[in-house]
Amino acid sequence: MEINTHNAEILLSAANKSHYPQDDIPEIALAGRSNVGKSSFINTLLNRKNLARTSGKPGKTQLLNFFNIDDKLRFVDVPGYGYAKVSKTERAKWGKMIEEYLTSRENLRAVVSLVDLRHDPSADDVQMYEFLKYYEIPVILVATKADKIPRGKWNKHESAIKKKLNFDPNDDFILFSSVDKTGMEASWNSILDKVAEK
Ligand SMILES: Nc1nc2c(ncn2[C@@H]2O[C@H](COP(=O)(O)OP(=O)(O)OP(=O)(O)O)[C@@H](O)[C@H]2O)c(=O)[nH]1
Ligand SMILES: [Mg+2]
């Protein structure tokens, strides 16, 4: 598939099913804890500075944000989990919204599940990965902020993450940095593979 990534825009923000776009365009969702680098990942892949808003303020994105890419593909930026200052009610609302999207969206081709290369995956990270495996949703595991770890230690961190997640060797694992664009091509290849698979 030929995609003109210059032709990208935010399409809409949705809180529930009734607001999702209604067509057959394939979607790739981005999931990960707050601050892991989901919005930065989108910006990097689209060569844009701030299309998907990034901030130091975690827990800001409270809706599913749909990005139209050349009318051929959509990225769906999912609000981050694991932000401590969110109330129980908010958390429950979040859970319902994500679950509704992930388990019922026919357009969904894969979830890019992001974890921080520097740290062992959190309990929430493990739960997200298990959830995706349970529902047989194709996963692309992206370990972000690789620029913050010396290359010589990448392997060690990758192994620790895989072990903690009980990682399925059939899934793609990509080391990524939005600072130096490590893994950008691998990410695009993996995404386009998933889109082509169905
Ligand atoms: N060094 C480094 N910093 C990064 C990288 N990716 C993201 N960041 C920084 O991490 C912070 C959070 O990035 P975001 O992309 O906003 O994270 P997010 O996952 O979208 O966060 P929420 O929307 O709150 O869930 C920002 O200050 C980014 O500049 C990376 O690959 N390397
Ligand atoms: Mg974000």
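Fair warning: this is a prediction, and the values are worked out from it, not measured in the lab.

K.L.:
How would you sum up the overall build of the chain? Please name residues and give values.
P.N.:
A count of helices and strands for the chain gives five helices and seven strands. The order of helices and strands in the chain, counted from the N terminus, is β-β-α-β-β-α-β-α-β-α-β-α. Relative to the compact-globule value of 16 Å for 198 residues, the chain shows a C-alpha radius of gyration of 16 Å, a close match. In the chain, buried positions account for 48% of the 198 residues. Considering only contacts in the chain between residues 6 or more positions apart, those separated by 24 or more positions represent 77%.

K.L.:
Any details on the packing of helix α1 (residues 38–45) against helix α5 (residues 184–197)? Residues and values, ideally.
P.N.:
Helices that pack against each other are described as a pair by the angle of their axes relative to one another and the distance between those axes. Viewed as axis vectors pointing N to C, α1 and α5 meet at an angle of 90°, and their least axial separation amounts to 10 Å. Here α5 runs roughly perpendicular to α1, going by the angle between their axes. Along the contact surface, α1 presents F41, T44 and L45, while α5 presents M184, S187, W188 and I191. Tallied by class, residues from the contact of α1 with α5 come to five nonpolar, two polar and no charged.

K.L.:
Quick rundown of the pattern of salt bridges? Include the residues and the values.
P.N.:
Summed over all chains, the structure comprises 10 salt bridges. K72 is paired through a salt bridge with D70; the nearest N and O atoms lie 3.3 Å apart. Salt bridges sharing common partners tie together D23, E27, R74 and R105.

K.L.:
Tell me what's going on with the pairing of strand β6 (residues 139–144), and back it up with residues and numbers.
P.N.:
When a strand is regular, its side chains alternate between the sheet's two faces. Counting buried residues along β6, six of its six residues qualify, which places the element largely inside the surrounding structure. Relative to strand β7 (residues 172–175), β6 runs parallel, the two being bridged by four bridges. Its bridge partner lying in β7, A143 is registered against L175. Of the crossover connections in this fold, the one passing from β6 over helix α4 (residues 154–165) to the parallel β7 is right-handed.

K.L.:
I'd like a rundown of helix α3 (residues 123–134), residues and numbers included.
P.N.:
Taking 1.5 Å as the rise per residue, α3 with 12 residues should run 16 Å; its terminal C-alpha atoms sit 16 Å apart, in good agreement. Those residues of α3 not exposed but buried are D125, V126, M128, Y129 and L132. Projection of α3 onto a plane perpendicular to its axis shows the buried side chains occupying an angular sector of 160°, all on one side. The exposed set on the far side of α3, more than 90 degrees from its buried face, consists of A123, Q127 and Y134. Turning to α3, the residues buried within the fold contact β2 (27–32), α2 (88–104), β5 (108–116), β6 and α4. Of the residues flanking the end of α3, it is E136, one or two places downstream, whose phi is positive at about 55°.

K.L.:
Tell me about the packing of α2 against α3, and please be specific about residues and values.
P.N.:
Their axes nearest at 11 Å, the elements α2 and α3 cross at an angle of 30°. It follows that α2 is roughly parallel to α3 by the angle criterion. For the crossing formed where α2 meets α3, the hand is right-handed. Side by side, α2 and α3 meet where W94, I98, E99, L102 and T103 of the first sit next to M128, F131 and L132 of the second. Residues belonging to the contact of α2 with α3 are distributed by class as follows: six nonpolar, one polar and one charged.

Reading the values: rules and limits
- Residues numbered from 1 in each chain as written.
- Chains lettered and ligands numbered in written order.
- Predicted model: local features only at pLDDT ≥ 70, side-chain atom pairs only at ≥ 80, totals over all residues.
- Heavy atoms only, no water.
- Helix = DSSP H or I, 4+ residues; strand = E, 2+ residues; numbered from the N terminus.
- Rg over C-alpha atoms; globule rule 2.2 N^0.38 Å.
- Buried < 20%, exposed > 50% of the residue type's maximum accessible area, 1.4 Å probe, protein only.
- Contact = heavy atoms within 4.5 Å.
- Axes fitted to C-alpha atoms, helices over the stretch in contact; angles between N-to-C directions.
- Parallel < 35°, antiparallel > 145°, perpendicular 65-115°, else oblique.
- Nonpolar A, V, L, I, M, F, W, Y, C, P; charged D, E, K, R; others polar.
- Salt bridge = Lys/Arg side-chain N within 4 Å of Asp/Glu carboxyl O.
- Pairing = 2+ DSSP bridges.
- Right-handed = clockwise from strand over helix to strand, strands pointing away.
- Expected span 1.5 Å × (residues − 1).
- Arc of directions from axis to C-beta.
- Left-handed = near helix turned anticlockwise from the far one by under 90°.

That's the geometry; what it means functionally is another story.
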